[in-house]
Amino acid sequence: MNFIQILWQKIRVRMITRVKGEGNILKIEGKIVKNSKIRVNGNHNMIVIEEGRYKNLDIGIEGNNHKLLIKSSDRIAGLKIVIQNTHNEIRVGRGVGIAEALIVACGKNNCISIGENSMISTDVAIWGCDGYSILHDGDVVNFSKSIEIGSHVWVGSSVKILKGTKIGNNSIVGLGSLLNGKEYPSNVVIVGIPGKIVKENIDWTVENLEV
């Protein structure tokens, strides 16, 4: 038996939910949820979306024992989430803003996390796996790895973040950069392909302080 609890405080527009399997838990709260869809095919998966405003969510879960937690936010739109295989987790912290992004978690026992009050720009892709297997003498050699994006991190447009990457708090990732499995400290600016630190000891604010 699946447990589905959807609490709409204000309005629901074209929300599609399809759940197949046993022991799945969906807890969804929203002031406004528009043009969104959730598909679950597997067993003992959990989706928790806290109160907020969401638009164009596309969530697809395949496999067993996955967890998805999106904490309260009024700034998430165009977010596509794919979780596959077994025992993977995606966590989106409170107050995160997402303009348009793809987040993919697959493999086994991996986590992708985005810290609170981070900003994710358009056309961002976050991949905790390769999406295919490379074999050497019959053994898999390209295992999936967790990704950690700290709190108050600005990720610019068209950035690609690949498996094993860790980004410290209060950092900025410049437009079009590629981060491939490195660990970056807090308070830095990262740009380029591959991403390199070009400035340290920084902080940022959405306010235009030049005015």
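The structure under discussion appears in the preceding block.
So, here's what we can say about the structure. (Residues numbered from 1 in each chain as written. Predicted model: local features only at pLDDT ≥ 70, side-chain atom pairs only at ≥ 80, totals over all residues. Heavy atoms only, no water.)

A look at the state of the cysteines
Step number 1: What the rule picks out here adds up to one disulfide.
Step number 2: The partner cysteine of Cys 106 in its disulfide is Cys 129, sulfur to sulfur 1.7 Å. When the S-S torsion is 110°, as for the bridge of Cys 106 with Cys 129, the disulfide is right-handed. Taken together, the positions of Cys 106 in the loop between strand 11 (101–105) and strand 12 (111–114) and Cys 129 in the loop between strand 14 (124–127) and strand 15 (135–136) put the pair 23 residues apart, joining distant regions of the chain.
Step number 3: The structure places no disulfide on Cys 111, whose sulfur is separated from the nearest cysteine sulfur, that of Cys 129, by 13 Å. (Disulfide = S-S within 2.5 Å. Helix = DSSP H or I, 4+ residues; strand = E, 2+ residues; numbered from the N terminus.)

Regarding a positive patch on the surface
Step number 1: There is a patch of like positive charges on the surface, built from Arg 18, Lys 20, Lys 37 and Lys 80.
Step number 2: Here Lys 20 is to be found in strand 1 (residues 3–20).
Step number 3: Residue Lys 20 is classed as exposed on the basis of its relative accessible area of 58%. (Patch = residues over 30% accessible without salt bridge, like charges linked within 9 Å, V, L, I, M, F, W, Y side chains within 5 Å. Areas by Shrake-Rupley, 256 points an atom, 1.4 Å probe, with all protein chains shown as cover. Salt bridge = Lys/Arg side-chain N within 4 Å of Asp/Glu carboxyl O. Lys, Arg positive; Asp, Glu negative; His and termini not counted. Charge placed at Lys NZ, Arg CZ, Asp CG, Glu CD. Buried < 20%, exposed > 50% of the residue type's maximum accessible area, 1.4 Å probe, protein only.)

Points about the pairing of strand 3 (residues 46–49)
Step number 1: Relative to strand 3, strand 2 (residues 25–41) runs parallel, the two being bridged by four bridges. Considered in strand 3, the bridge of Lys 27 is made with Val 48.
Step number 2: Strand direction decides the pairing type here: strand 3 and strand 6 (residues 67–70), joined by four bridges, are parallel. Bridge assignment links Ile 49 to a residue of strand 6, and that residue is Ile 70. (Pairing = 2+ DSSP bridges.)

Some remarks on the side chain of Lys 163
Step number 1: Considering the arrangement of structural elements, one finds Lys 163 in the loop between strand 19 (160–162) and strand 20 (166–167).
Step number 2: Reaching out from Lys 163, the side chain makes a polar contact with the side chain of Asp 130 at a distance of 3.0 Å.
Step number 3: Those residues within four positions of Lys 163 in sequence are excluded, and the remaining contacts are Trp 127, Gly 128, Cys 129, Asp 130, Asn 142, Phe 143, Ser 144, Lys 145, Ser 146, Ile 147, Asn 180 and Gly 181. (Polar contact = N/O pair within 3.5 Å; in protein donor to acceptor, adjacent residues only side chain to side chain. Contact = heavy atoms within 4.5 Å.)

Some words on the pairing of strand 25 (residues 196–200)
Step number 1: The buried fraction of strand 25 amounts to zero of the five residues, a small share that puts the element mostly on the outside.
Step number 2: Relative to strand 25, strand 24 (residues 188–191) runs antiparallel, the two sharing four bridges. Looking at strand 25, one finds that Val 191 is bridged to Lys 196.
Step number 3: Counting the residues between successive antiparallel strands, the hairpin from strand 24 to strand 25 contains four residues, one of them, Gly 192, with a positive phi of roughly 105°.

Quick look at unusual backbone geometry
Step number 1: Residue Ile 193 is joined to Pro 194 through a cis peptide bond whose omega torsion reads -5°.
Step number 2: Backbone geometry places Asn 65, a non-glycine residue, at a positive phi of 60°.
Step number 3: Position of Asn 65 relative to the elements: it lies in the loop between strand 5 (58–62) and strand 6.
Step number 4: At His 152, a residue that is not glycine, the phi angle is positive and equals roughly 55°.
Step number 5: Along the chain, the position of His 152 falls in the loop between strand 17 (147–149) and strand 18 (154–155).

Brief notes about the environment of Asp 123
Step number 1: Residue placement: Asp 123 occurs in the loop between strand 13 (119–120) and strand 14.
Step number 2: Taking C-alpha positions, Asp 123 is 7.2 Å from Val 159, a pair spaced 36 residues apart along the chain.
Step number 3: Sequence-distant contacts of Asp 123, that is, excluding residues within four places in its chain, are made with Glu 100, Ser 158, Val 159 and Lys 160.
Step number 4: Of the polar contacts made by the side chain of Asp 123, one reaches the side chain of Ser 158; its length is 3.0 Å.

Points about the pattern of salt bridges
Step number 1: In this structure the tally under the stated criterion is five salt bridges.
Step number 2: A salt bridge links Lys 160 to Asp 123, with the shortest nitrogen-to-oxygen separation between them at 3.7 Å. Highlighted residues: Lys 160 in strand 19 and Asp 123 in the loop between strand 13 and strand 14, separated in sequence by 37 residues.
Step number 3: Given the relative accessible area of 28%, Lys 160 is considered partly exposed.

Details of the environment of Lys 196
Step number 1: Position of Lys 196 relative to the elements: it lies in strand 25.
Step number 2: Exposure remark for Lys 196: the relative accessible area of 55% places this residue in the exposed category.
Step number 3: When residues no more than four places from it in sequence are discounted, the contact partners of Lys 196 are Val 189, Ile 190 and Val 191.

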